[in-house]
Amino acid sequence: MRVLVTGGAGFIGSNLVYALVGSHEVGVIDDLSTGHAENLHPSAWNRTMDILDESLSEAFAEFAPDAVMHLAAQSSVPRSIQDPVRDSAVNVDGTRLVAAVAAAAGATRVLSASSAAVYGEPAEVPLQECSPTVPVNPYGSSKLAAETALAEQLTGTGTDFASFRFSNVYGPRQDSEGEGGVVAVFCSELAAGRTPVIHGSGEQTRDFIYVADVVAAIISALEFDGKLCEGEPCGPAYNISTGEEVSVTGLATALRPIAGFYGSYGSARERAGDVMRSSLDSSKAREVFGWESQVTLDVGLGPTYRWFARS
Ligand SMILES: NC(=O)c1ccc[n+]([C@@H]2O[C@H](COP(=O)([O-])OP(=O)(O)OC[C@H]3O[C@@H](n4cnc5c(N)ncnc54)[C@H](O)[C@@H]3O)[C@@H](O)[C@H]2O)c1
């Protein structure tokens, strides 16, 4: 299969590309705004460009993908608050453009990265795909609007599609800023011998999912032989998550033996736009295309910390 990965120089995208190369023909489109040239796989077809560039359709036509994994995005909540207009342009208009040019280039499936942020502050956890979507920051709003744009663009075209609502992804190659950043921030601070800071009470919870689990979900969905856009309940939306709710304090505790840190964490005020609780039920992904997470937090934190402590 020829798979085009937008955002393939980023955290999740580069982990996906490295997993795909060898069994698939892989193309990457990335403007390197938050991704890194050293993440690019030398055997992939790599194109440095903005997905909003008017030559996007030519790049898609040249690579001629069978399937697209759209990961390119403005991926940071704080940046979405600082510059909501750019956030919306990249995440909403960009997703619509990718969907349109993918279908025109003959792709039979487009998977798009959405986020737990579309739900906002949950009334109850774990969240299911049909739970209310009430985003509390521009990033969550743009991700929700991107889901709508994807569906508007591809419904009835013969190109299958789905939006994957990732919970907080962590693992090697994550930058210590960005949406799922708390694991990366703690690991990078500890690896540098500094004291990490917990924002707010530390009782806020997240559903931390290891990047290899996310990569496995994407590959399962790429290879699925049914229609993802008609999955029930709630059509093309799929939670990609563990269903486990872990507090930031719990994360800090789990990292202690891995990093050999037994001092006190620092504290600072709550960050704007953060929700108090997050946990997503991913049983729909298991029932529709046979994926479920495998890696527990204790297991995933080891290679993650070692990656930050390398060199
Ligand atoms: N990391 C998480 O915890 C998490 C959680 C939920 C959703 N997501 C979503 O998953 C996707 C990947 O996230 P990530 O953590 O790997 O982020 P990332 O920032 O590492 O990767 C995004 C990539 O997209 C590229 N990019 C950004 N704007 C672009 C543009 N206009 N044109 C071309 N390329 C562009 C960046 O250079 C980067 O390589 C994003 O859509 C993000 O919103 C991530």
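Reading the values: the criteria
Counting restarts for each chain: residues are numbered from 1 in the order of the written sequence. This being a predicted model, a pLDDT of at least 70 is required before a residue's local features are given, and a value of 80 or more before pairs of side-chain atoms are given or counted; all residues contribute to the totals for chains, interfaces and linings. Only hydrogens and water are removed before side-chain values are computed, so all heavy atoms of the structure are retained for them. Here, any two strands with at least 2 DSSP bridges between them count as paired. Starting at the N terminus, helices and strands are each numbered in turn, a helix being any DSSP run of H or I of at least four residues and a strand any DSSP run of E of at least two. For helices, the fitted axis covers only the stretch in contact; all axes are lines through C-alpha atoms, and the angles between them, taken along N-to-C directions, range from 0 to 180 degrees. The contact criterion used is simple: two residues touch if any of their non-hydrogen atoms lie within 4.5 Å. Here a residue is near a molecule or strand as soon as one of its heavy atoms is found within 4 Å of it. Two N or O atoms count as a polar contact when they lie within 3.5 Å, although within protein this holds only if one can serve as hydrogen donor and the other as acceptor, and sequence-adjacent residues are included solely when both atoms are side-chain atoms. Using the Shrake-Rupley algorithm and a 1.4 Å probe, accessible areas are obtained, with residue cover drawn only from the displayed protein chains. Pairing of aromatic rings covers Phe, Tyr and Trp, the last counted by its six-membered ring, and requires centre-to-centre distances within 6.5 Å; plane angles under 30 degrees mean stacked, over 60 mean edge-to-face, and any other angle means tilted. Each reported salt bridge corresponds to a side-chain nitrogen of Lys or Arg within 4 Å of a carboxyl oxygen of Asp or Glu. When accessible area is computed with a 1.4 Å probe and restricted to protein chains, residues below 20% of their type maximum are described as buried, those above 50% as exposed, and intermediate ones as partly exposed. The start and end points of each domain follow an automatic or database-based domain assignment. Here the quantity called buried area is the accessible surface, traced with a 1.4 Å probe, that two parts lose on coming together, added over both. The span you would expect from a helix comes to 1.5 Å times its residue count less one. Any angle that falls under 35 degrees is termed roughly parallel, while one over 145 is termed roughly antiparallel, one within 65 to 115 roughly perpendicular, and all others oblique. Here a crossing is taken to be left-handed if its near helix is turned anticlockwise relative to the far helix by less than a right angle, and right-handed if that turn runs clockwise. Under the scheme applied, nonpolar residues are Ala, Val, Leu, Ile, Met, Phe, Trp, Tyr, Cys and Pro; charged residues are Asp, Glu, Lys and Arg; polar residues are all the others, including Gly.

Visitor: Pulling in residues and values, what's your account of the sheet that holds strand S1 (residues 2–6)?
Guide: The strand order S3-S2-S1-S4-S5-S6-S11 describes an open sheet built from seven strands, whose pairing is parallel. Edge positions in the sheet fall to strand S3 (45–48) and strand S11 (237–240), since each of these pairs with one other strand and no more. Averaged over all pairs of adjacent strands, the angle between strand axes in this sheet comes to 20°, irrespective of strand direction. For S1 and strand S2 (residues 25–30), the ladder comprises five bridges, and the chain directions are parallel. Its bridge partner being in S2, Leu4 is matched across the sheet by Gly27. In this fold helix H1 (residues 11–20) packs onto S1, S2, strand S4 (67–70) and strand S6 (160–166), with an angle of close to 165° to the strand it touches most, S1. Sheet strands touched by helix H2 (residues 56–63): S1, S2, S3 and S4. Its angle to S2, the strand with the most contacts, is close to 170°.

Visitor: I'd love a proper account of the site of the ligand, names of residues and values included.
Guide: In the vicinity of the ligand lie 31 residues, with Asp30, Thr34, Tyr139, Lys143 and Val169 positioned nearest. Within the backbone of Leu71, an N or O atom sits 3.0 Å from an oxygen atom of the ligand. One of the backbone N or O atoms of Val169 is found 2.8 Å from an oxygen atom in the ligand. Notes on the ligand: free accessible area 820 Å², of which the protein chains cover 96%. Within the residue set of the shell around the ligand, elements represented by two or more residues are H1, helix H4 (84–104), strand S5 (109–115), helix H5 (138–154) and strand S7 (168–170).

Visitor: Report on the packing of aromatic side chains, specifying residues and quantitative values.
Guide: Overall, the coordinates contain 10 aromatic pairs when judged by the stated rule. Here Trp45 and Phe63 contribute two aromatic rings whose centre-to-centre distance is 5.2 Å and whose plane-to-plane angle is 40°, an arrangement assigned as tilted. Here Trp45 is found in strand S3, whereas its partner Phe63 is found in helix H2, with 18 residues between them in sequence. Between Phe186 and Tyr265, the aromatic rings sit 5.5 Å apart at their centres with planes inclined by 45°, giving tilted as the arrangement.

Visitor: I'd love a proper account of the pattern of salt bridges, names of residues and values included.
Guide: A complete count under the given rule lists 10 salt bridges for this structure. With a closest N to O distance of 3.1 Å, Glu189 and Arg194 form a salt bridge. The class for Arg194 is partly exposed, based on a relative accessible area of 45%. Residue Arg286 is joined to Glu287 by a salt bridge in which the shortest nitrogen-to-oxygen separation is 3.7 Å.

Visitor: Explain the domain arrangement of the chain residue by residue, including any values.
Guide: One can read the domain layout of the chain as domain 1 (2–169 + 209–240) and domain 2 (171–207 + 243–308). Put simply, the middle of domain 1 and the middle of domain 2, counted by C-alpha atoms, are 22 Å apart. Taken together, the contact pairs 52 residues of domain 1 with 34 residues of domain 2. Summed over both partners, the interface of domain 1 with domain 2 comes to about 3400 Å²; 57% of that surface belongs to carbon and sulfur atoms. Contact with domain 2 buries surface across domain 1, with Asn168, Tyr210 and Asp213 losing the most and accounting together for 19% of the total.

Visitor: I'd like a rundown of H4, residues and numbers included.
Guide: An ideal rise of 1.5 Å per residue puts 30 Å on 21 residues; H4 measures up with 29 Å between its terminal C-alpha atoms. For H4, every residue scored as buried is listed here: Asp87, Ala89, Val90, Asn91, Val92, Gly94, Thr95, Val98, Ala99, Val101 and Ala102. Packing partners of the buried residues in H4 comprise S1, H2, S4, helix H3 (77–82), S5 and H5. The positive-phi residue at the C-terminal boundary of H4 is Gly106, with phi of around 95°.

Visitor: Describe in detail the packing of H2 against H4, supporting the description with residues and values.
Guide: Two numbers describe how H2 lies on H4: the axes approach to 9 Å, and their chain directions differ by 40°. One finds that H2 runs oblique with respect to H4. The handedness of the crossing between H2 and H4 comes out as right-handed. Residues Leu56, Ser57 and Phe60 of H2 form the contact with H4, whose own contacting residues are Leu97, Val98, Val101 and Ala102. In terms of residue class, the contact of H2 with H4 is built from six nonpolar, one polar and no charged.

Visitor: Pulling in residues and values, what's your account of the environment of Ala217?
Guide: Tracing the backbone through its elements, the reader meets Ala217 in helix H7 (residues 211–223). The residues contacting Ala217, other than those within four sequence positions of it, are Phe164, Ile240, Phe289 and Trp291.

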